[in-house]
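Residues per chain, in single letters:
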Amino acid sequence: QVQLVESGGGLVQAGGSLRLSCAASGIIFSINAMGWYRQAPGKQRELVAVITSGGSTNYADSVKGRFTISRDNAKNTVYLEMNSLKPEDTAVYYCNVNYLNFGFHTLDAWGQGTLVTVSS
């Protein structure tokens, strides 16, 4: 099993910054993509940003230029640097890791979610 531990959420004023972290542990042969999703009240979960094992990144249009995703492969950790935060960024942010186990099955793991609240 794989466990994801998220940290870094909180309350921030509009225009401020936060940094989210997500560390993966457990029985992992290798990690493919790592990403962040978010779900605002009354809305569906949406992709915020993803980073592949090779370092390629993709972002939702709404966060391009403000958010930066990165990963530390030695620590099995993914980060999300969020700048110029807006009230509409308020949501629960979930970490996602796509990985191979030792049976060479591709699986997904999800973090427990961390709340980000941006006040106007």
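Residues numbered from 1 in each chain as written. Predicted model: local features only at pLDDT ≥ 70, side-chain atom pairs only at ≥ 80, totals over all residues. Heavy atoms only, no water.

Here we look at the overall build of the protein chain
Link 1 in the chain: Regarding its fold elements, the protein chain presents zero helices and 11 strands.
Link 2 in the chain: Taken against the 2.2 N^0.38 rule, which gives 14 Å for 120 residues, the C-alpha radius of gyration of the protein chain at 14 Å falls within 12% of a compact globule.
Link 3 in the chain: Once the C-alpha set of the protein chain is aligned to its principal axes, its extents read approximately 50 × 25 × 25 Å.
Link 4 in the chain: Contacts in the protein chain between residues at least 24 apart in sequence constitute 54% of all its contacts with a sequence separation of at least 6.
Link 5 in the chain: Only carbon and sulfur atoms are counted for the fraction: they give 50% of the accessible area of the protein chain, which is about 6,300 Å².
Link 6 in the chain: Seen as two clouds, the 9 positive and the 8 negative side-chain charges of the protein chain have centres 1 Å apart. (Helix = DSSP H or I, 4+ residues; strand = E, 2+ residues; numbered from the N terminus. Rg over C-alpha atoms; globule rule 2.2 N^0.38 Å. Contact = heavy atoms within 4.5 Å. Areas by Shrake-Rupley, 256 points an atom, 1.4 Å probe, with all protein chains shown as cover. Lys, Arg positive; Asp, Glu negative; His and termini not counted. Charge placed at Lys NZ, Arg CZ, Asp CG, Glu CD.)

Some points on the pairing of strand S7 (residues 67-72)
Link 1 in the chain: Residue alternation in S7 divides its side chains into a buried set, Phe67, Ile69 and Arg71, and an unburied set, Thr68, Ser70 and Asp72.
Link 2 in the chain: Relative to strand S8 (residues 77-82), S7 runs antiparallel, the two sharing six bridges. Across the sheet, residue Thr68 finds its bridge partner in S8, namely Glu81.
Link 3 in the chain: Between S7 and the antiparallel strand that follows it, S8, lie four residues; Asn76 among them carries a positive phi value of about 50°. (Buried < 20%, exposed > 50% of the residue type's maximum accessible area, 1.4 Å probe, protein only. Pairing = 2+ DSSP bridges.)

What about a nonpolar patch on the surface?
Link 1 in the chain: Together, Ile27, Phe29, Phe102 and Phe104 make up an exposed nonpolar region whose accessible area comes to about 460 Å².
Link 2 in the chain: Under the relative-accessibility criterion, Phe104 is labelled exposed at 53%. (Patch = residues over 30% accessible without salt bridge, like charges linked within 9 Å, V, L, I, M, F, W, Y side chains within 5 Å. Salt bridge = Lys/Arg side-chain N within 4 Å of Asp/Glu carboxyl O.)

Some remarks on unusual backbone geometry
Link 1 in the chain: Not every positive phi belongs to a glycine, and Ser84 is a case in point at roughly 50°.
Link 2 in the chain: Looking at the element boundaries, Ser84 is found in the loop between S8 and strand S9 (91-100).
Link 3 in the chain: Judged by relative accessible area, which is 40%, Ser84 ranks as partly exposed.
Link 4 in the chain: Phi at Phe104 takes a positive value of approximately 60°, unusual for a residue other than glycine.
Link 5 in the chain: Relative to the elements of secondary structure, Phe104 occurs in the loop between S9 and strand S10 (106-110).

What about the sheet that holds strand S3 (residues 18-26)?
Link 1 in the chain: The four strands lie next to each other as S1-S3-S8-S7, forming an open sheet whose pairing is antiparallel. On the outer flanks of this sheet lie strand S1 (2-7) and S7, each paired with one strand and no other. Each strand of the sheet is rotated relative to its neighbour by a mean of 15°, with strand direction disregarded. (Axes fitted to C-alpha atoms, helices over the stretch in contact; angles between N-to-C directions.)

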